[in-house]
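Spelled out, the chains give:
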Amino acid sequence: MKKTILLVGTMLSAALLLSACSNDRGSSNDSAEKASKVESKKSTKQSTKKSSSEPVKIPTSPDKEWFYNDNVFYAGMETMTLTKSEIRDGIEDGEKVLVIYNTIKNNSDEEQDPSNFYMVIHAKQKTDTSNVNLDPGTLALDENGNNPLQAQEDNLNNSLLPGKTVETVMMFKLVNDTPVTIEFSNEDFTTIGTKTINVN
C-alpha cells in the first residue's frame, strides 16, 4: 500500500513538473514574440523619426517635454504661438519698443497666468561691448490718451481659463537698431530655442 501511494505521489509530482516546464516554454515563446514586437515597434519609430518633414504636432496636454519650433513655444501648461512682430513708439521720447503678437492656450485643467512667459522668454540685443537683456517695454499712448494694445496686455495679465486661448503681446524696450534675439527656455531655464527679429 505504501509503495502504491509513493508511486502515485511520484507520478503526480512528475506530471506537475512537466506541466510547469511546458508553461515555461510557452512563456519563453511569448517573451520571444513580445521581444520581436518591441523590436519591430522600435524600428518603426526610428524610421518615423528619420522622415522629419512632417509638421510638428502641438501637444494639447501639459505633460510633454517643452520645445520651441516654427514660432510655437510649448511650455507644458501653456502654448504660445507667435503671429507677428512690429516696432512701435515707446512711452519716452525717442524710445522704440518691439511688440511680439501671439496667442496663448491653456493646456491644463486649472487657471494659468500667461505673464509667466516673461520668466522663460528673454530678448537680447548686442551693443558695442555687450549682449544686453532687454527690459519689458511700455507703448506711447494714442491721441485719446489710451494704450493702443490695452486689451492684449490685459489678456497677458489676467488668469487664463482651462482650455481657452487669448491674443496677447509681449513688449521689449530696444537699446539700438541691431537684430533682437529671442531666447526660449524650459522649466530648468535652459535655452531650448531662439528666434531672430530684425528691427530695421
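Each remark here, short or long, concerns the structure printed above.
Let us look at the structure shown here. All figures in this text were calculated on a predicted structure; none of them were measured in a lab. (Residues numbered from 1 in each chain as written. Predicted model: local features only at pLDDT ≥ 70, side-chain atom pairs only at ≥ 80, totals over all residues. Heavy atoms only, no water.)

**Here we look at the overall build of the chain**
Phase 1 of the analysis: Within the chain, the secondary structure is distributed over 3 helices and 9 strands.
Phase 2 of the analysis: Counting from the amino terminus, helix and strand elements in the chain follow one another as α-β-β-β-β-α-β-β-α-β-β-β.
Phase 3 of the analysis: A buried classification covers 30% of the 200 residues belonging to the chain.
Phase 4 of the analysis: When contacts within the chain are restricted to residue pairs at least 6 apart in sequence, long-range pairs at least 24 apart make up 60% of them. (Helix = DSSP H or I, 4+ residues; strand = E, 2+ residues; numbered from the N terminus. Buried < 20%, exposed > 50% of the residue type's maximum accessible area, 1.4 Å probe, protein only. Contact = heavy atoms within 4.5 Å.)

**Regarding the pattern of salt bridges**
When the charged atoms of two side chains with opposite charge come close together, those side chains can pair.
Phase 1 of the analysis: Applying the stated rule across the entire model yields 4 salt bridges.
Phase 2 of the analysis: Ionic pairing is found between Lys-173 and Glu-95, a salt bridge with its closest N-O pair at 3.8 Å. Within this pair, whereas Lys-173 is found in strand β7 (residues 165-173), its partner Glu-95 is found in the loop between β3 (78-89) and β4 (96-106), the two being separated by 78 residues in sequence.
Phase 3 of the analysis: According to the relative accessible area criterion, Lys-173 is partly exposed, its value standing at 30%.
Phase 4 of the analysis: A relative accessible area of 10% means that Glu-95 is categorised as buried.
Phase 5 of the analysis: Here Lys-124 ties to Glu-183 by a salt bridge, and the two come within 3.6 Å at their closest N and O atoms. In this pair, Lys-124 is assigned in strand β5 (residues 121-126) and Glu-183 in strand β8 (residues 180-185), connecting sequence segments 59 residues apart. (Salt bridge = Lys/Arg side-chain N within 4 Å of Asp/Glu carboxyl O.)

**Things to note about the nonpolar core**
Phase 1 of the analysis: If you look at the biggest cluster of nonpolar residues, it comprises 25 residues, and the most contacted ones within it are Phe-73, Met-80, Phe-117, Ile-121, Val-180 and Ile-182.
Phase 2 of the analysis: Of all the elements in the fold, those that place two or more residues in this core are β2 (72-75), β3, β4, α2 (117-120), β5, β7 and β8.
Phase 3 of the analysis: Ignoring sequence-local partners within four residues, the contact set of Ile-182 consists of Leu-98, Ile-100, Ile-121, His-122, Ala-123, Gly-193, Thr-194, Lys-195 and Ile-197.
Phase 4 of the analysis: Residues Val-99, Leu-139, Leu-149 and Val-169 belong to the second largest nonpolar core, which totals 7 residues. (Core = buried A, V, L, I, M, F, W, Y, C linked by side-chain atoms within 4.5 Å.)

**Concerning the sheet that holds β8**
Phase 1 of the analysis: Reading across the sheet, the 4 strands line up as β6-β5-β8-β9 and stay open at both edges, with antiparallel pairing between neighbours. A strand with exactly one partner marks an edge of an open sheet, and here the two such strands are β6 (131-133) and β9 (191-197). Strand-to-strand twist in this sheet, taken as the mean axis angle between neighbours without regard to direction, amounts to 30°.
Phase 2 of the analysis: Where β5 and β8 come together, 4 bridges link them in antiparallel fashion. Bridge pairing in β8 links Ile-121 to Phe-184. (Pairing = 2+ DSSP bridges. Axes fitted to C-alpha atoms, helices over the stretch in contact; angles between N-to-C directions.)

**Some remarks on the sheet that holds β4**
Hydrogen bonds between backbone atoms are what pair the strands of a sheet, whose relative direction is either parallel or antiparallel.
Phase 1 of the analysis: Here we have 5 strands laid out as an open sheet, ordered β1-β2-β3-β4-β7, and antiparallel in their pairing. Among the strands making up the open sheet, the edge pair consists of β1 (67-69) and β7. Taking each pair of neighbouring strands and ignoring which way they run, the sheet shows an average axis angle of 25°.
Phase 2 of the analysis: By the bridge criterion, 11 bridges tie β3 to β4 in an arrangement that is antiparallel. In the strand pairing of β4, Asp-89 is matched with Lys-96.
Phase 3 of the analysis: Contacts between helix α3 (residues 150-157) and the sheet are confined to β4 and β7, with β7 contributing the most and set at about 100° to the helix.

**Comments concerning the pairing of β9**
Phase 1 of the analysis: Inspection of the sheet shows β8 paired to β9 by 6 bridges, in the antiparallel sense. Across the sheet, residue Glu-183 finds its bridge partner in β9, namely Thr-194.
Phase 2 of the analysis: Counted between consecutive antiparallel strands, the loop separating β8 from β9 contains 5 residues, among which Phe-189 sits at a positive phi close to 65°.

**Section: unusual backbone geometry**
A negative phi angle characterises most non-glycine residues, just as the trans form characterises most peptide bonds.
Phase 1 of the analysis: Backbone geometry places Asn-71, a non-glycine residue, at a positive phi of 70°.
Phase 2 of the analysis: Tracing the sequence through the fold places Asn-71 in the loop between β1 and β2.
Phase 3 of the analysis: Unusually for a residue other than glycine, Phe-189 sits at a positive phi of about 65°.
Phase 4 of the analysis: Take Phe-189: it is sitting in the loop between β8 and β9.
Phase 5 of the analysis: A residue is classified by how much of its surface remains accessible, and Phe-189, at 56% relative accessible area, is exposed.

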